[in-house]
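Close look at the chain arrangement
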Amino acid sequence: MTDVEQAGSERLGLELAPGKPAILRVDSVAPADLGDWTQEYRAALEAALLVHGAVLIRGLDVRDAASLALVGDKLSGGTVAHETEAFARRRPLGGPVVSSLEWPPDQPMCMHHELSYALEFPRLLTIGCFTPPSQGGITGLADGQAVLDALPDALVERFVEVGWTLVRSYNSLVGVPWQEALAAADEAAAEKYCEAHGIDFAWQPDGSLRTAQRRSAVIHHPLTGKRVWFNQVAFLNEWTMEPSIREFLVAQFGADGLPFNTRYGDGSPIEAATVQILNEVYEAATLREPWQAGDVLLVDNIRMAHSREPYQGQREIGMVLGAPVRLAACSPTHHPAARP
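Structural notes, computed from the coordinates. Everything numeric here is computed off the predicted structure, so don't read it as measured data.

1. Here's the deal with unusual backbone geometry
- A positive phi is found at Asp-61, a non-glycine position, where the angle reads about 60 degrees.
- With a phi angle near 60 degrees, Glu-85 is a residue other than glycine that sits in the positive phi range.
- The topology assignment puts Glu-85 in the loop between helix 3 (65-76) and strand 3 (92-94).
- Residue classification places Glu-85 among the buried residues on the basis of a relative accessible area of 2%.

2. Here we look at a negative patch on the surface
- A surface patch of negative charge is lined by Asp-153, Glu-157, Glu-161 and Asp-266.
- Tracing the backbone through its elements, the reader meets Asp-153 in helix 5 (residues 153-162).

3. What about the side chain of Thr-286?
- Among the structural elements, Thr-286 can be located in the loop between helix 9 (272-285) and strand 15 (296-300).
- Residue classification places Thr-286 among the buried positions, given a relative accessible area of 11%.
- Of note is the side chain of Thr-286, whose polar atom sits 2.7 Å from the backbone oxygen of Tyr-282.
- Excluding anything up to four places from it in sequence, Thr-286 contacts Gly-19, Met-111, Gly-140 and Leu-141.

4. Digging into the packing of aromatic side chains
- By the definition in use, this model includes 10 aromatic pairs.
- Where Phe-87 meets Trp-103, the ring centres are 6.1 Å apart and the plane angle is 85 degrees; that geometry is what we call edge-to-face. With Phe-87 in the loop between helix 3 and strand 3 and Trp-103 in the loop between strand 4 (97-99) and strand 5 (109-112), this pair connects stretches of sequence that are 16 residues apart. With respect to class, Phe-87 is no different from Trp-103; both count as buried.

5. Thoughts on the pattern of salt bridges
- Inspection of every chain in the model, using the stated rule, returns 17 salt bridges.
- One continuous salt-bridge network, built from bridges that share partners, spans Lys-20, Arg-58, Glu-289 and Asp-295.

6. A word on the packing of helix 2 (residues 34-52) against helix 3
- Where helix 2 contacts helix 3, the two axes come as close as 9 Å, and the packing angle between them is 40 degrees. If you check the angle between helix 2 and helix 3, you find them oblique. Here the hand of the crossing between helix 2 and helix 3 comes out right-handed. Between helix 2 and helix 3, the residues in contact are Leu-34, Gly-35, Thr-38, Gln-39, Arg-42, Leu-45 and Glu-46 and Ser-67, Leu-70, Val-71, Lys-74, Leu-75 and Ser-76, respectively.
- Residues of the contact of helix 2 with helix 3, tallied by class, amount to five nonpolar, five polar and three charged.

7. Examining the sheet that holds strand 15
- Judged by pairing direction, the sheet is mixed, and its seven strands sit side by side in the order 1-2-15-6-18-4-3 without closing on themselves. Each having just a single partner strand, strand 1 (22-25) and strand 3 make up the two edges of the open sheet. Each strand axis lies, on average, 25 degrees off the axis of its neighbour in the sheet, ignoring direction.
- Of the strand pairs in this sheet, strand 2 (residues 54-58) and strand 15 are connected by four bridges, and their pairing is antiparallel. Residue pairing across strands places Ala-54 opposite Val-299, the latter belonging to strand 15.
- This element, helix 2, spans strand 1, strand 2, strand 6 (120-131) and strand 15 of the sheet and lies at about 140 degrees to strand 2.
- Packing of helix 3 onto the sheet brings it into contact with strand 3, strand 4, strand 6, strand 15 and strand 18 (316-326), and relative to strand 6 it is tilted by some 150 degrees.

8. Things to note about helix 7 (residues 187-196)
- Those residues of helix 7 not exposed but buried are Ala-190, Tyr-193 and Cys-194. Looking straight down helix 7, one finds that the buried residues subtend no more than 95 degrees of arc, so they occupy a single side. Turned more than 90 degrees off the buried face of helix 7, the exposed positions are Ala-188 and Lys-192.
- For helix 7, the capping residue at the N-terminal end is Asp-186, with a side-chain oxygen 3.3 Å from the backbone nitrogen of Ala-188.
- Phi for Gly-198, located one or two positions after helix 7, is positive at around 65 degrees.

9. Focus: the nonpolar core
- In this structure, Phe-121, Phe-159 and Trp-229 are the most contacted members of the largest nonpolar core, which totals 47 residues.
- Among the elements of the structure, strand 5, helix 4 (144-150), helix 5, strand 9 (164-169), strand 12 (218-220), strand 13 (227-229), strand 14 (260-264) and helix 9 are those that each provide at least two residues to this core.
- For Phe-121, the residues in contact, after removing those within four places along its chain, are Ala-81, Glu-114, Leu-115, Ile-219, Phe-230, Ile-302, Ala-323, Pro-324, Val-325, Arg-326, Leu-327 and Cys-330.
- If you look at the next biggest cluster of nonpolar residues, it comprises 28 residues, including Leu-12, Val-26, Val-29 and Trp-37.

10. Considering the sheet that holds strand 5
- Ordered by their spatial adjacency, three strands build an open sheet running 5-16-8, and the pairing between neighbours is antiparallel. A strand with exactly one partner marks an edge of an open sheet, and here the two such strands are strand 5 and strand 8 (141-143). Neighbouring strand axes in the sheet, compared pairwise and without regard to direction, differ in orientation by 15 degrees on average.
- In the sheet, strand 8 pairs with strand 16 (residues 304-308) via three bridges, with the strands oriented antiparallel. Residue pairing for strand 16: Ala-142 is matched across the bridge by Ala-305.

Reading the values: the criteria
Residues numbered from 1 in each chain as written. Predicted model: local features only at pLDDT ≥ 70, side-chain atom pairs only at ≥ 80, totals over all residues. Heavy atoms only, no water. Helix = DSSP H or I, 4+ residues; strand = E, 2+ residues; numbered from the N terminus. Buried < 20%, exposed > 50% of the residue type's maximum accessible area, 1.4 Å probe, protein only. Patch = residues over 30% accessible without salt bridge, like charges linked within 9 Å, V, L, I, M, F, W, Y side chains within 5 Å. Areas by Shrake-Rupley, 256 points an atom, 1.4 Å probe, with all protein chains shown as cover. Salt bridge = Lys/Arg side-chain N within 4 Å of Asp/Glu carboxyl O. Lys, Arg positive; Asp, Glu negative; His and termini not counted. Charge placed at Lys NZ, Arg CZ, Asp CG, Glu CD. Polar contact = N/O pair within 3.5 Å; in protein donor to acceptor, adjacent residues only side chain to side chain. Contact = heavy atoms within 4.5 Å. Phe/Tyr/Trp six-rings, centres within 6.5 Å; stacked < 30°, edge-to-face > 60°. Axes fitted to C-alpha atoms, helices over the stretch in contact; angles between N-to-C directions. Parallel < 35°, antiparallel > 145°, perpendicular 65-115°, else oblique. Left-handed = near helix turned anticlockwise from the far one by under 90°. Nonpolar A, V, L, I, M, F, W, Y, C, P; charged D, E, K, R; others polar. Pairing = 2+ DSSP bridges. Arc of directions from axis to C-beta. Core = buried A, V, L, I, M, F, W, Y, C linked by side-chain atoms within 4.5 Å.

Right, here's the structure in full:
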């Protein structure tokens, strides 16, 4: 930590406790003053993110998309990452604010980094809790640097050497159609998108689309230069699914036609034992703090993975995907060959 980072972090008076993210408690700020408050503390918050990876701000009382948009816009300098290749839908909530992914409330959303399979992804997530659930629904956090250090050396070395591959089989039952995910009106536009983004594609006999994209499992943070475990190897892998769900999907689409799955970068299957190790290391590194209405959680998306636990009741979470970063700026070990 540099002296500037140390001073910025100390200025905030963060609460630090084992198993929890760094928490900043503030007095309620009037909506008219929210922009000025964010601008005043922007540098200190950025410094704190470099140190801790995430900061939960409690007391701002951000209860709607307009207020969250103002905070997110100030912190990200007005730049927003445009989500493509989505595997679940979000609802637009106004301006740059979108909902969390539409995912069954009774199913966990395992650790992942937003858009880690894309060529451009957000560095800063500004997440606001408008309505907390009655039970559960915690957004867990795991430090990609700590996860990398905790993983077995041989496992890390293999993924560094070959990378990882996301395989998708688009269908009308699960996820979003390829037209929506790739923002493509027809097959020619879909092919053009894939070629421009380093994605292999194959049209199936029934007219569906299957894609495969090889990416780096470990990259370097563009601001700190430190290596981080940055991928969705475990989240989108078949062995992370509940057995009953996997059995249903295999029965519907076949073992090679799952809506999404991950492999080693050389195309070989990832063992169930490897996925179990990844999820166990994530769990050991997870930080948790239940949501309260008005909370704002700032997350360095490149350093910190996040999850969503099952919940009951209404849960309204907004998000700004800010400060986009190109994969090429993160010293990837595997940079896809894309054609304009």
